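What follows is each chain in one-letter form.
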Amino acid sequence: MPHKLQFKVIHASGQDDIYRASELNHHSPLTKGWQSARFCLYPQDMVIQLETRSRLRKIQILSHQFLIPTKIEFFVGDVPDGAQLLLESARYARLGYVSLSDNEKTGYKARELKSVHVDAVGHFLKLNIHKNHVNKHNLYNQVGIIAINVIGDEIHRLYDITDPDLLLDDPRIERDPALEGLFNKPDYISPLDDLAFDMYQDPEIAQIIRRLERKKQEAVLQERYDYAKRLKQAITELQKVGEKLGKMEVEKRQAVENEDYDKARLKKVQMDEYRLQVYKDLNLNDLLELTGSRHPQHIDLEPVRHYSPPTPPPRLEELPPPTIRTPPHYEEYPLPRSKSVIEPITVPAEETSKSPRPPETNRSKNNSPRTPYESRRLPPPKLKALTLEEELPPEPENNQEAEPMSEVDLREASTAIDIFGLSLVSKAYSKTWSYREDALTAVHHQMQQMSTGNKEEAKSMLRAAIFLVKRGIDDKVYAVFRAALHLYRMLLTEFVPKHKLGKPDITSAVEKTLPNLFHKAGDTAVRNRDDAKSFIQEMANFPEVKATQTLAHECVKPFKLTLGPRHAQSRCEIVESLYQNFGLKGGLTIDNIMKFNVEGLNHNAGEVRDVIERLIKTMYKNHGAPIKDYLPPDDEKTRKNTLWRQLFEYFDQVDGKPPRTDAKKQKAEEEQKKQAEIDALQKQLQALRDMNAGKTLRSDRSNGPIDASVLSKNDPSKKAAPQKKKPEAAKVKPKGNKPTTKDDDDVSMFTVDNICIFCGERNESFTEEGLDIHYWKNCPMLKRCTNCKQVVEIATYTDHVLTECEAKSNFSKCPRCSEAIAKPEYDQHVADKACNPHKTGQNHCPLCHENISSGEDGWKEHLMGRTGCKQNPRRLLALNKPAGGATGNKTTAARGRGGKAGSVRGRK
């Protein structure tokens with residue numbers, strides 16, 4: 001079965017003086033890894049040689065956190081038959097490549113582990129490392145690899161991939177065929193051979209775990225299941241212990257590098273005592289069955305100290321090599337498949353540990369092999385955020401009692417003591433974190449096993465358990481905090497439904513624990529914050545909690561402005577997540593969320609306001625105008641504040657409105673355009689006056705002398721003195737024998753001053769500008785085209801849209817009602833047949849869509865009469881004015897005027 005293969009780096013095209021390629025030969029939490037030379041040329045080459053010719057099944061690369069190559073290519077090398085095993089004789093075959101992330105999302109604080117599954121045979125593995133990702137931390141354009149792991153099988157005879165017995169080379173199989181089921185697993189790779197295992201584990205604990213794993217496999221084959229169960233539990237416990245010791249070793253090394261020797265000595269003492277206590281608690285010799293004795297005091301449990309690397313950093317060269325002591329019995333038991341262990345080195349034994357030892361502990365007087373510092377592996381930097389108690393106490397024995405409680409604690413926990421007993425609650429108040437964790441676990445089991453029937457007892461147990469949960473949530477140790485969340489989840493999802501407790505009990509439990517969860521959500525440790533916030537989101541989905549709506553109401557209660565930035569930001573992020581997941585449900589409303597948001601916008605921390613601003617924008621996008629009711633008025637004074645200006649500009653963007661600056665510019669452009677239209681209209685009216693004046697002059701010249709007053713009125717180039725106007729329009733009567741045409745008679749009926757030629761209204765204010773305003777706003781016979789903004793007669797509006805308007809290509813004429821219909825709506829309009837048909841011989845109003853009397857009088861009655869068109873907004877304005885003189889004047893004088901932009905178009 002595939003396992004970790006021993007290898008050695010035999011070639012590197014370049015290396016840093018401190019981070020040399022030999023660092024890759026060993027795995028441990030303190031491994032520094034390899035780094036290329038500064039400003040090197042790419043690609044960089046590296047060749048590793050396997051101990052024997054092997055079949056490679058898996059390759060693992062742990063990259064540096066910011067010295068990251070863009071790509072790594074893999075080549076497997078082998079030598080021809082009969083050739084000497086030399087690097088120069090190797091022939092390589094390309095396996096492929098992997099690309100690595102630039103790590104920008106993690107802030108260059110995590111390391112990427114790449115695992116590549118391959119199937120190749122050879123003596124050598126070559127890595128072709130390409131250029132680096134550019135970032136602000138990589139000042140010298142270097143690349144770095146922290147560790148390399150190769151997993152596969154040694155080949156002891158000719159390789160044939162089709163041979164099913166290729167891997168059955170373990171000598172124990174010949175002695176016991178029953179072992180075949182254990183060892184013949186071609187594709188199984190043990191987690192103990194994975195690179196992540198060595199990177200997090202203390203090397204000594206890792207060796208013991210591997211021994212226990214082999215003992216467990218043999219116990220299963222011998223059907224010693226109780227013994228296998230004990231081994232499994234011990235392995236699980238040792239994995240936790242190994243991780244803790246690995247972290248403490250890293251902290252000790254950092255203290256030494258910072259020359260904080262007091263802290264380094266304290267860490268060393270803590271590690272020695274902790275390791276010794278664990279060995280005692282697990283009865284390690286009994287588990288390994290090394291001797292006939294079953295008592296742990298006969299085992300030399302002096303912890304293994306590790307020698308510093310052969311090429312340490314300069315500031316560590318003066319440190320004396322520590323003494324290495326291992327239990328003498330361990331040397332008799334071979335290390336199973338520990339391929340990453342190098343040849344042991346021997347140093348003079350010397351007392352370095354000053355920590356007290358139990359009197360029954362035997363010290364080994366012989367030097368023993370140890371794993372040097374090169375085999376230690378440095379964990380990813382993100383582990384530095386994990387919190388450990390500064391004074392980590394040793395694990396207590398199972399039969400030991402917790403320290404007694406103080407009088408204050410006894411009074412505080414009296415309710416819990418009545419329910420769970422003094423012994424259990426004392427553990428919950430203990431200074432030893434494992435006791436506190438065990439207490440919460442015991443409460444969890446006790447609550448699960450409680451029988452139904454007594455609801456009052458269930459309520460009392462719930463209240464007592466919530467009291468302990470609150471203490472667990474506030475605990476600084478992560479394991480205790482997680483145990484408290486586990487217990488709280490069970491109470492809300494299992495205990496409450498099982499015993500059918502009511503909403504008041506659930507509401508009380510949620511209200512008591514939420515302040516503690518809010519406080520934990522603002523913790524300095526990232527995983528504490530994330531776990532607290534995720535649990536609140538999870539709790540909101542619990543059916544029993546959702547029915548009470550308590551959680552939502554507690555979350556949206558406005559917080560004090562003196563609340564710390566981390567706590568306030570986490571609170572806002574919780575509300576934002578609740579809204580994104582549930583919307584306006586489960587107790588969330590626009591009112592309570594917006595009151596929370598408005599209060600949060602006054603916080604002095606920018607990161608808090610950013611979350612609130614993001615939530616307000618999301619709500620406005622979903623709900624629109626009601627959100628503005630909770631904000632200050634949108635005026636120039638408010639927009640002077642950057643925060644409000646950004647919010648209101650986003651609101652305008654959602655509503656499809658242009659920004660205020662663009663709106664001002666657009667308004668000015670509209671005013672200019674309007675003035676241009678008025679000027680064009682005035683020019684056309686002047687042309688109309690000139691045309692009428694020309695007809696009058698021709699008529700007067702043919703029939704007699706011209707009245708001077710008429711001439712002064714009709715000739716714009718001559719400015720006559722103002723004269724009092726007569727009550728009726730001046731008429732120029734034709735003389736002579738020339739026959740009078742109808743048009744000439746119509747024009748001679750009135751003058752163009754002071755009278756509207758369309759509706760017939762006479763008004764002293766109808767000067768040139770007055771008539772312009774009347775046509776533009778008030779004349780009931782006219783309207784502005786909604787497409788091109790020209791003023792046209794309502795009677796000819798349909799013809800204008802279909803033939804003259806700038807947007808005429810967007811309309812089609814309905815064969816039923818004869819109106820202009822927009823093309824996107826035309827097919828549906830024709831198919832519905834819901835329009836009012838146009839009757840032959842009648843006029844059809846484009847405003848109210850009714851058929852009216854034919855002729856010009858029919859239009860006037862419909863557009864200006866008291867019972868006329870209800871869709872004509874100018875009709876009522878005309879009715880409220882006093883009737884003028886020449887109401888009977890005809891509008892045929894408008895014939896012949898062109899429908900230019902901004903003009904009044906005559907009927908045809």
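Residues numbered from 1 in each chain as written. Predicted model: local features only at pLDDT ≥ 70, side-chain atom pairs only at ≥ 80, totals over all residues. Heavy atoms only, no water.

The name an unreviewed UniProt entry assigns to the chain is Centrosomal protein of 104 kDa, from the organism Biomphalaria pfeifferi. Database annotation for the chain, UniProt heading Function (unreviewed entry): "Required for ciliogenesis and for structural integrity at the ciliary tip." (UniProt positions renumbered as here; feature names shortened; annotations may be inferred.)

**Student:** Tell me about the nonpolar core, residues and numbers included.
**Tutor:** Core analysis: the largest hydrophobic core is formed by 86 residues, its most contacted members being Phe 420, Leu 491, Phe 495, Met 539 and Leu 551. The element that contributes the greatest number of residues to this core is helix α13 (residues 478-499), accounting for 13 residues. Not counting residues up to four positions away in its chain, the partners in contact with Phe 495 are Met 447, Met 450, Ala 458, Met 461, Leu 462, Met 490 and Leu 501. (Core = buried A, V, L, I, M, F, W, Y, C linked by side-chain atoms within 4.5 Å. Buried < 20%, exposed > 50% of the residue type's maximum accessible area, 1.4 Å probe, protein only. Helix = DSSP H or I, 4+ residues; strand = E, 2+ residues; numbered from the N terminus. Contact = heavy atoms within 4.5 Å.)

**Student:** Could you give an account of unusual backbone geometry, with specific residues and numbers?
**Tutor:** Following Tyr 42, the chain continues into Pro 43 via a peptide bond in cis, with omega recorded as 0 degrees. Within the secondary structure, Pro 43 is located in the loop between β3 (34-35) and β4 (44-63). If you check the backbone angles, Asn 103 has positive phi at about 70 degrees while not being a glycine.

**Student:** Could you give an account of the side chain of Asn 592, naming the residues involved and the relevant values?
**Tutor:** With respect to the helices and strands, Asn 592 occurs in helix α19 (residues 590-600). What makes Asn 592 buried here is its relative accessible area of 14%. At 2.9 Å, the side chain of Asn 592 and the backbone oxygen of Gly 587 are in polar contact. Within the structure, Asn 592 has its side chain in polar contact with the backbone nitrogen of Thr 589 (distance 3.0 Å). Sequence-distant contacts of Asn 592, defined by excluding residues within four places in its chain, comprise His 553, Val 556 and Gly 587. (Polar contact = N/O pair within 3.5 Å; in protein donor to acceptor, adjacent residues only side chain to side chain.)

**Student:** Lay out the packing of aromatic side chains with the relevant residues and their values.
**Tutor:** A ring pair, where both rings are aromatic, is described by two values, the distance of the centres and the angle of the planes. Overall, the coordinates contain eight aromatic pairs when judged by the stated rule. An angle of 55 degrees between the planes, with centres 6.4 Å apart, marks the rings of Tyr 478 and Phe 481 as tilted. Highlighted residues: Tyr 478 and Phe 481, both in helix α13, separated by three residues, approximately one helical turn. Given a relative accessible area of 18%, Tyr 478 falls into the buried group. With relative accessibility at 0%, the residue Phe 481 sits in the buried group. On the numbers, 5.5 Å between centres and 80 degrees between planes, the contact of Phe 559 with Phe 596 is edge-to-face. Taken together, the residues span a long stretch of sequence, with Phe 559 in the loop between α17 (550-555) and α18 (565-582) and Phe 596 in helix α19 at a distance of 37 residues. Here Phe 559 and Phe 596 have matching classes, each one buried. An aromatic cluster of at least three residues, connected via ring pairs, comprises Tyr 488, Phe 535 and Phe 542. The positively charged end of Arg 471 is found above the aromatic ring belonging to Tyr 429, 3.7 Å away from the centroid. Stacked on the ring of Tyr 797, the Lys or Arg Lys 783 has its end atom at 4.2 Å from the ring centre. (Phe/Tyr/Trp six-rings, centres within 6.5 Å; stacked < 30°, edge-to-face > 60°. Lys NZ or Arg CZ within 6 Å of the ring centre and 35° of its normal.)

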